[in-house]
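# Structural overview for review
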Amino acid sequence: MSTICNPTIPGSFQIPSPGIYPGRIIKVKGQVPNCSPRFAINLQCGPKMPPGEDIAFHFNPRFVQNTLVRNHFACSGWGTEEVSNGVPMKAGECFEVLIHCYYYNFKVEVNGIFACEFNHRIDFQKSPTLWWMVMSPFIRSASRGSTLHRTRNWFAINIQCGPKLYPHEDIAFHFNPRFCQKAVVRNHFTCSGWGPEETQGPLPLSSGEPFEVFIHCYEHAFKVRIKEEEIY
């Protein structure tokens with residue numbers, strides 16, 4: 001049995017040789033953050049974050065919808081989702097997931113109780129990597145329409161894990177146009193510290209002009225659209 005406890009999220013973790021085979025059991029132990037509406041465990045064919053690798057098994061509890069989703073990802077596209085009602089764990093609670101590999105399918109136990117099964121769609125012998133990612137919070141699409149004040153040198157939109165103002169909550173996505181620098185800064189804030197800034201890309205906003213920002217959340221990234229054009 002291979003066990004992964006409290007992994008760094010997001011992250012990829014090599015399953016010891018010989019990888020996935022009938023009879024193999026993968027154990028994942030951890031705790032779901034209180035503010036997390038979903039997380040995913042992927043058994044995939046390499047270490048890159050999605051969508052960089054084929055995924056043999058995508059295990060995706062969604063707390064907001066109260067559903068358990070299973071799928072695979074191959075040839076740059078997702079397959080047909082298998083969805084069941086009910087999530088066998090709760091946000092904020094510790095859990096233990098056991099993924100059993102059989103010849104024809106994967107079977108999953110959560111905290112000692114059978115949760116689901118998933119028939120193989122990709123040759124399981126090509127799946128040497130376990131990847132676990134928590135996206136918190138998860139926002140499908142958010143928009144904000146306003147007009148920039150001519151005297152403001154910057155503003156910020158934060159997607160974060162609670163209602164308190166900075167620096168009292170973790171921030172999953174910090175979107176920060178800075179007009180003096182002619183840059184749009186993206187970052188995250190967690191454990192009382194900022195991560196490395198990302199500043200590449202144009203500044204498609206001007207002081208005194210109305211604007212509309214769409215923030216789309218995908219499995220692997222946030223993407224921002226301004227003035228009907230995807231920028232970041």
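Residues numbered from 1 in each chain as written. Predicted model: local features only at pLDDT ≥ 70, side-chain atom pairs only at ≥ 80, totals over all residues. Heavy atoms only, no water.

By the naming in an unreviewed UniProt entry, the protein goes by Galectin and is assigned to Spodoptera exigua.

## Details of unusual backbone geometry
The phi dihedral of Asn-111 is positive, around 55°, even though this residue is not glycine. Mapped onto the fold, Asn-111 is located in the loop between β10 (105-110) and β11 (113-119). Phi is positive for Cys-191, which is not a glycine, with a value near 55°. The topology assignment puts Cys-191 in the loop between β16 (183-190) and β17 (193-194). You can call Cys-191 exposed: its relative accessible area is 72%. (Helix = DSSP H or I, 4+ residues; strand = E, 2+ residues; numbered from the N terminus. Buried < 20%, exposed > 50% of the residue type's maximum accessible area, 1.4 Å probe, protein only.)

## Brief notes about the nonpolar core
Membership of the largest hydrophobic core comes to 23 residues, with the highest contact counts inside it found for Phe-57, Phe-59, Met-89, Val-97, Ile-99, Phe-106 and Val-108. Where this core is concerned, the elements lending two or more residues are β3 (25-31), β4 (38-44), β5 (55-62), β9 (94-101), β10 and β11. With four residues, β9 is the single largest residue contributor to this core. Judged by nonpolar contacts, the second largest core, of 15 residues, contains Leu-205, Phe-211, Ile-215 and Cys-217. (Core = buried A, V, L, I, M, F, W, Y, C linked by side-chain atoms within 4.5 Å.)

## Points about the pattern of salt bridges
Overall, the coordinates contain five salt bridges when judged by the stated rule. For Arg-121, the salt bridge goes to Glu-82, with nearest N and O atoms at 3.0 Å. On the criterion of sequence distance, the pair formed by Arg-121 in the loop between β11 and β12 (129-135) and Glu-82 in strand β8 (residues 82-85) is long-range, its members being 39 residues apart. A relative accessible area of 32% means that Arg-121 is categorised as partly exposed. Among the residues examined, Glu-82 registers a relative accessible area of 25% and is labelled partly exposed. (Salt bridge = Lys/Arg side-chain N within 4 Å of Asp/Glu carboxyl O.)

## Quick look at the environment of Gly-52
Note that Gly-52 resides in the loop between β4 and β5. Each C-alpha atom of the pair Gly-52 and Phe-73 lies 9.9 Å from the other, and the pair is 21 residues apart in sequence.

## Regarding the sheet that holds strand β14 (residues 157-160)
Here we have four strands laid out as an open sheet, ordered β14-β15-β16-β17, and antiparallel in their pairing. Of all the strands in the sheet, just β14 and β17 have a single pairing partner and so form its edges. The pairing of β16 with β17 spans two bridges and is classified as antiparallel. When the sheet's bridge partners are listed, Thr-190 is paired in β17 with Gly-193. (Pairing = 2+ DSSP bridges.)

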